[in-house]
Amino acid sequence: MNTHSALVPATGPALLDPLAKIATRNGFTVARDGNAMVIDAPLGRVAFDPSGTSTRLTLTANTPAELQLLTDLYAGRLTDLALDQPIAWDAPKASMPLNQIIATVIGVLPLSPNFARLRLSGDFSTFTKPDTGLHFRLLLHPDAPGWPTLDAGGLTQWPGGIGTWHRPPYTVRRISAEGTWIDVDIVLHAGGRVTNWCDVIAPGDEVALHGPSGSKQPTASWLGLIGDETALPVILRMIEDAPAGTTGQAVIAIRSADDAQEAQTKADIPITWVDMADNGALIHALNSFDIPDTDRHILFAAERSQATAARDILRDRRLSGAEAKAASYWTK
């Protein structure tokens, strides 16, 4: 296990109540005993142990990347509390964020009318481990001020300020068995920052990313996968990684029939391709799914308003947070 600690100059309800409220709202397990508290979240465990007028905060995660995400997340939440005294974080053993990977561009391949495939080389071995996130954030800055580093307390420092960075999330579409390269399918949009970036990058260019993060490969024996073109990479990755014997349904909305891809898989999950112009197609698909009573998992990922509608449907059909996710991938 990987841990990072800090001494927080506060204790009791003023510290614990706001953090417990956020965790509970997100569906995480919160256990309290007086001025002590433990939060169990997907990224790891967050423990608060009182010590006089201060509280020892201990973050524990399965991987260094998850620990970095957890550390930066709770550093931000503690900053929002506007404590009177600074937090004393333990010194890190590294100088670069634990979830940061420096990679090299191999090339960009036009894939279809609205997609390009980016191949990167580097040490992506962390993405090959079981139960790891399928996503990452690409780090782009217009002025190339240098990559993020860690400060004396192990918190990520962004040259120029985090607000000056463009950090779009992407899915590892394919990865080599040794974790030495990844493919990333990018949705192309006229005027899009990443679309324009793809026009100017060249083999040999250095890039950085933060990951793994986000959705993990579902383990249920039945998968219901629904999304628009922005979710195409993760849906196809889940289908291709699903073991033999897995069944289910998939519906993907695309702008052009030529954007459809064939999934190489041992699972029995047929894909239905629908037109992005049909705003009701994805919600109709979700309503029409014959969902098993047990051992099932649903992913719905599309525009914010559609994700909100899907969330209501999943709640009405009594699927738990562990069984279903409705994600907003973009906003109109």
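Each remark here, short or long, concerns the structure printed above.
Please read these numbers as outputs of a predicted model, since none were measured by experiment.

1. Topic: the overall build of the chain
Right, on to step 1. Along the backbone of the chain there are six helices and 20 strands.
Right, on to step 2. For 332 residues, the compact-globule estimate of 2.2 N^0.38 gives 20 Å, and the chain sits close to it at 21 Å.
Right, on to step 3. Overall, the chain is about 65 × 50 × 35 Å in size when its C-alpha atoms are taken along their principal axes.
Right, on to step 4. Within the chain, contacts between residues separated by at least 24 positions form 66% of all contacts whose residues are at least 6 apart in sequence.
Right, on to step 5. Working note: accessible area of the chain is about 15900 Å², and carbon and sulfur atoms make up 51% of it.
Right, on to step 6. For the chain, the centre of its 27 positive side-chain charges and the centre of its 36 negative side-chain charges are spaced 4 Å apart.

2. Remarks on the sheet that holds strand β17 (residues 247–254)
Right, on to step 1. Reading across the sheet, the five strands line up as β18-β17-β16-β19-β20 and stay open at both edges, with parallel pairing between neighbours. The open sheet is flanked by β18 (271–275) and β20 (324–330), the only strands paired with a single partner. Strand after strand, the sheet turns through a mean of 10° between neighbouring axes, direction not considered.
Right, on to step 2. With six bridges connecting them, strand β19 (residues 296–303) and β20 associate as parallel partners.

3. Looking at helix α4 (residues 232–241)
Right, on to step 1. Extensive coverage of α4 is indicated by the burial of nine of its ten residues.
Right, on to step 2. Burial in α4 covers these residues: L232, P233, V234, I235, L236, R237, M238, I239 and E240.

4. As for the packing of helix α5 (residues 281–288) against helix α6 (residues 304–316)
Two packed helices can be described by the angle between their axes and the distance between those axes.
Right, on to step 1. It is the contact of α5 with α6, at a shortest axis distance of 10 Å, that shows an interaxial angle of 10°. Considered as vectors, α5 and α6 are oriented roughly parallel to each other. Where α5 abuts α6, its residues L282, I283, L286 and N287 lie against Q306, A309, A310, I313 and L314.
Right, on to step 2. Within the contact of α5 with α6, the residues separate by chemical class into seven nonpolar, two polar and no charged.

5. Thoughts on the layout of surface pockets
Take a probe with the size of a water molecule and roll it over the atoms, and the empty space left behind shows itself.
Right, on to step 1. Volume-wise, the second largest pocket comes out at about 280 Å³.
Right, on to step 2. As for the second largest pocket, its lining consists of 16 residues, of which T3, L67, P92, K93 and L98 are closest to the centre.
Right, on to step 3. Its residues assigned to classes, the lining of the second largest pocket comprises seven nonpolar, seven polar and two charged.

6. Focus: unusual backbone geometry
Right, on to step 1. In this chain, G211 is followed by P212 through a cis amide linkage whose omega measures 5°.
Right, on to step 2. Within the secondary structure, P212 is located in strand β15 (residues 206–216).
Right, on to step 3. One non-glycine residue, A82, lies in the positive phi region at around 55°.
Right, on to step 4. Looking at the secondary structure, you find A82 in the loop between α2 (64–80) and β6 (88–89).
Right, on to step 5. A residue is classified by how much of its surface remains accessible, and A82, at 57% relative accessible area, is exposed.

Definitions and cut-offs
Residues numbered from 1 in each chain as written. Predicted model: local features only at pLDDT ≥ 70, side-chain atom pairs only at ≥ 80, totals over all residues. Heavy atoms only, no water. Helix = DSSP H or I, 4+ residues; strand = E, 2+ residues; numbered from the N terminus. Rg over C-alpha atoms; globule rule 2.2 N^0.38 Å. Contact = heavy atoms within 4.5 Å. Areas by Shrake-Rupley, 256 points an atom, 1.4 Å probe, with all protein chains shown as cover. Lys, Arg positive; Asp, Glu negative; His and termini not counted. Charge placed at Lys NZ, Arg CZ, Asp CG, Glu CD. Pairing = 2+ DSSP bridges. Axes fitted to C-alpha atoms, helices over the stretch in contact; angles between N-to-C directions. Buried < 20%, exposed > 50% of the residue type's maximum accessible area, 1.4 Å probe, protein only. Parallel < 35°, antiparallel > 145°, perpendicular 65-115°, else oblique. Nonpolar A, V, L, I, M, F, W, Y, C, P; charged D, E, K, R; others polar. 1 Å grid on protein atoms, 1.4 Å probe; cavity = no way out; pocket = protein on both sides within 12 Å on 5 of 7 lines; lining within 4 Å. Points joined across faces, edges and corners; volume = space filled by probe spheres on them.

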